[in-house]
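The chain contents come next:
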Amino acid sequence: MPGCIFFYRAACSTTAKLLALVVALAAAWPALEIPIPAALFFSLSLPAEAAPELSEATEHPAANAVRLEQSGERTKLIFELSTSVESASFVLADPDRVIVDLPQMDFLLDPESGKPAKGPHRKTGLIAAFRFGQLAPGKSRIVIDLRAPARVLRAACEKSDGDGHASLVIELAKTDRADFRAAVQIARMQLSSATQTKKDQKPQPASIKPVVMIDPGHGGIDRGAMVKGLVEKDLVFDFAKAVAAKLETDARFKVVMTRDDDSFVPLSERVRMARDGHAALFVSIHADTLSEASDVSGATVYTVSDRASDAEAARVAQTENQADAAAGLDKTEDASDVSDILFDLTRRETRAYSHFFAHTLTNYWRVAGRLNKNPQRSAGFRVLKAPDVPSVLLELGYLSNQTDGQALSSAQWRDKASSQVAEAIEAFFASRESTTTLIKTDPDQVPVGKIPPGGE
Ligand SMILES: [Zn+2]
């Protein structure tokens with residue numbers, strides 16, 4: 001079965017007992033110390049006017065509630081579903097995770113319900129945190145971060161006798177490191193054979209106009225930072241769309257987004273899109289959070305470097321580089337082969353252009369937005385590693401800072417700030433054109449961003 005990971009498959013059917021469940025959950029929830037999903041309140045009140053929304057959502061099976069149960073050395077994560085679904089589960093290391101793949105689902109849950117629990121509960125159980133969401137069209141995924149090596153006793157829907165509802169029960173038991181590694185090894189073998197079949201995408205022909213690639217960070221199951229209802233993947237998508245819309249009014253550019261909707265795109269795929277799409281500039285948009293320092297604020301523009309410019313830059317790169325792990329990808333699924341084919345000259349030039357754009361962007365940004373006290377930094381961001389595409393990563397601000405959070409969720413602010421980004425891009429190309437003319441006098445040098453199709 002190529003392309004199919006399949007250690008544990010289960011078809012499930014159902015029971016409802018919805019009211020009893022809701023009452024039981026409501027009673028048990030305080031002890032579990034995880035936020036009650038909005039959908040739970042929703043079930044209690046059963047509002048008639050919400051019916052149209054529900055019928056829209058029932059296009060896919062829905063998850064309406066989630067809870068954690070702990071008994072002895074076993075931990076259960078239970079999702080209440082509108083109907084039974086098939087599932088496939090496996091484990092991955094670095095970091096230790098359990099992955100449960102599902103058909104496309106609607107998760108009608110508070111996105112923060114899987115954040116690491118606070119208080120005494122956080123020190124018990126095998127589950128440190130979990131995420132859920134779309135991985136690819138037609139495919140959803142649950143990713144569980146483990147506190148200790150675990151094996152999956154079951155990941156299956158349980159039949160209940162009733163109106164078609166089902167419980168997806170993921171039951172984990174503690175195991176030793178050697179057993180866990182063996183299970184990871186099997187998963188890796190299956191994943192690498194699945195990855196091989198995906199690698200045949202052909203580069204697109206080069207566009208005559210310079211291609212500006214706008215990269216909204218995260219997406220799908222990978223939500224990025226989340227603070228009090230602000231979700232990074234949504235905020236940066238709205239911002240990226242605003243920048244793209246402004247650039248599209250300028251006929252000089254071809255604007256491409258790395259994602260057009262709320263879907264997950266691996267980091268190496270974003271780099272591949274920039275290279276194969278012959279991007280002349282790649283701008284990745286993100287938002288940061290610092291739980292311990294809510295006074296830290298303002299935007300920062302990052303470029304790639306082998307050594308981080310400072311500890312803060314290293315932290316941000318480490319966080320952003322975890323996007324693939326957050327979505328349950330294994331290291332072997334990283335198709336990036338960039339480091340093997342670098343020409344130092346190309347890379348040096350690319351980095352010089354990246355720095356130049358970072359500087360331009362910082363200057364334009366300060367017109368409409370606030371800057372971090374050290375607004376230009378560098379570190380080893382995986383998404384910026386295309387050797388022949390000038391690339392920067394813009395952290396719009398800190399969701400953990402009240403002023404930044406308010407700005408990021410304001411349409412008015414977004415309009416002003418995205419205009420500055422678009423203008424910075426226009427200014428970058430205007431000055432690059434004059435630089436390119438100079439470089440063209442040397443026939444041995446190819447200007448950065450004008451790499452011929454298929455060439456290095
Ligand atoms: Zn991010």
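Model, not experiment: these values are computed from the prediction.

1. What about the overall build of the chain?
A count of helical and extended segments in the chain gives eleven helices and 18 strands. A burial count over the chain gives 43% of its 456 residues as buried. A sequence separation of at least 24 residues applies to 79% of the contacts in the chain between residues at least 6 apart.

2. Observations concerning the sheet that holds strand β9 (residues 150–159)
With respect to topology, five strands assemble into an open sheet ordered β6-β2-β3-β10-β9, the strand pairing being mixed. Looking at strand neighbours, the two that pair on one side only are β6 (106–107) and β9, the edges of this open sheet. Strand direction decides the pairing type here: β9 and strand β10 (residues 166–174), joined by nine bridges, are antiparallel. The partner of K159 across the bridge, within β10, is A166.

3. Examining the sheet that holds strand β16 (residues 299–304)
Strands sit in the order β14-β11-β15-β18-β16-β17 across an open sheet of six strands; the sheet is mixed. Among the strands making up the open sheet, the edge pair consists of β14 (254–257) and β17 (371–379). The mean angle between the axes of side-by-side strands here comes to 20 degrees, regardless of whether they run parallel or antiparallel. Strand direction decides the pairing type here: β16 and β17, joined by five bridges, are parallel. Bridged to V304 within β17 is A379. Running at roughly 145 degrees to strand β15 (residues 279–288), helix α5 (residues 232–248) makes contact with β11 (211–216), β14, β15 and β18 (391–398) of the sheet. Sheet contacts for helix α7 (residues 311–321): β15, β16, β17 and β18; angle to β17, the most-contacted strand, approximately 65 degrees.

4. Some thoughts on the confidence of the model for the chain
Looking at the chain, the pLDDT average stands at 79 and 74% of residues meet or exceed 70. This stretch, residues 1–57, has a pLDDT under 50; its non-local contacts, to residues over four places away or in other chains, come to 100 contacts. Low pLDDT (under 50) marks residues 437–456, which in the prediction has 27 contacts with non-local residues, meaning those over four places away or in another chain.

5. Let's talk about the pairing of strand β7 (residues 127–136)
Counting buried positions along β7 yields seven of ten residues, so the element is predominantly enclosed. Sheet topology places β7 next to strand β8 (residues 139–146); eight bridges connect them, and they run antiparallel. By the bridge assignment for β8, Q134 is matched with S140. Hairpin connection between β7 and β8: a loop of two residues separates the two successive antiparallel strands, and G138 in this loop has a positive phi of roughly 85 degrees.

6. Section: the nonpolar core
Ranked by size, the top nonpolar core spans 109 residues in total, and within it V212 and L361 carry the most contacts. Composition of this core by domain shows at least three residues from each of domain 1 (9–196) and domain 2 (211–439). When near neighbours in sequence (up to four residues on either side) are disregarded, V212 contacts L247, F253, V255, A280, L281 and I425.

7. With respect to helix α6 (residues 267–276)
Within α6, eight of the ten residues are buried, which leaves the element mostly enclosed by the surrounding structure. Buried-residue contacts for α6 involve β11, β15, α8 (323–326) and β18. One or two residues past the end of α6 sits H278, with phi positive at roughly 55 degrees.

8. Considerations on α5
Taking 1.5 Å of rise per residue, 17 residues should cover 24 Å, and α5 covers 24 Å from first to last C-alpha, within 8% of that figure. The set of residues buried in α5 consists of E232, K233, L235, V236, F237, F239, A240, A242, V243, A244 and L247.

9. Some details on the environment of Q322
Tracing the backbone through its elements, the reader meets Q322 in the loop between α7 and α8. Here Q322 falls in the partly exposed class, since 15 other C-beta atoms lie within 10 Å of it. Taking the C-alpha atoms as reference points, Q322 and D222, 100 residues apart in sequence, are found 9.6 Å from one another.

10. Notes on the pairing of β15
Burial of β15 is extensive: ten of the ten residues sit out of reach of the surface. As paired strands, β11 and β15 are joined by six bridges and run parallel to one another. For I214, the partnering residue across the bridge sits in β15 and is V283. As paired elements, β15 and β18 share six bridges and run parallel to each other. Each bridged residue has a counterpart across the sheet, and for V283 the counterpart in β18 is V392.

Scoring rules and cut-offs
- Residues numbered from 1 in each chain as written.
- Predicted model: local features only at pLDDT ≥ 70, side-chain atom pairs only at ≥ 80, totals over all residues.
- Helix = DSSP H or I, 4+ residues; strand = E, 2+ residues; numbered from the N terminus.
- Buried ≥ 20, exposed ≤ 12 C-beta atoms within 10 Å, placed from the backbone.
- Contact = placed C-beta atoms within 7 Å.
- Pairing = 2+ DSSP bridges.
- Axes fitted to C-alpha atoms, helices over the stretch in contact; angles between N-to-C directions.
- pLDDT = per-residue confidence, 0-100.
- Core = buried A, V, L, I, M, F, W, Y, C linked by C-beta atoms within 7 Å.
- Domains from an automatic or database assignment.
- Expected span 1.5 Å × (residues − 1).

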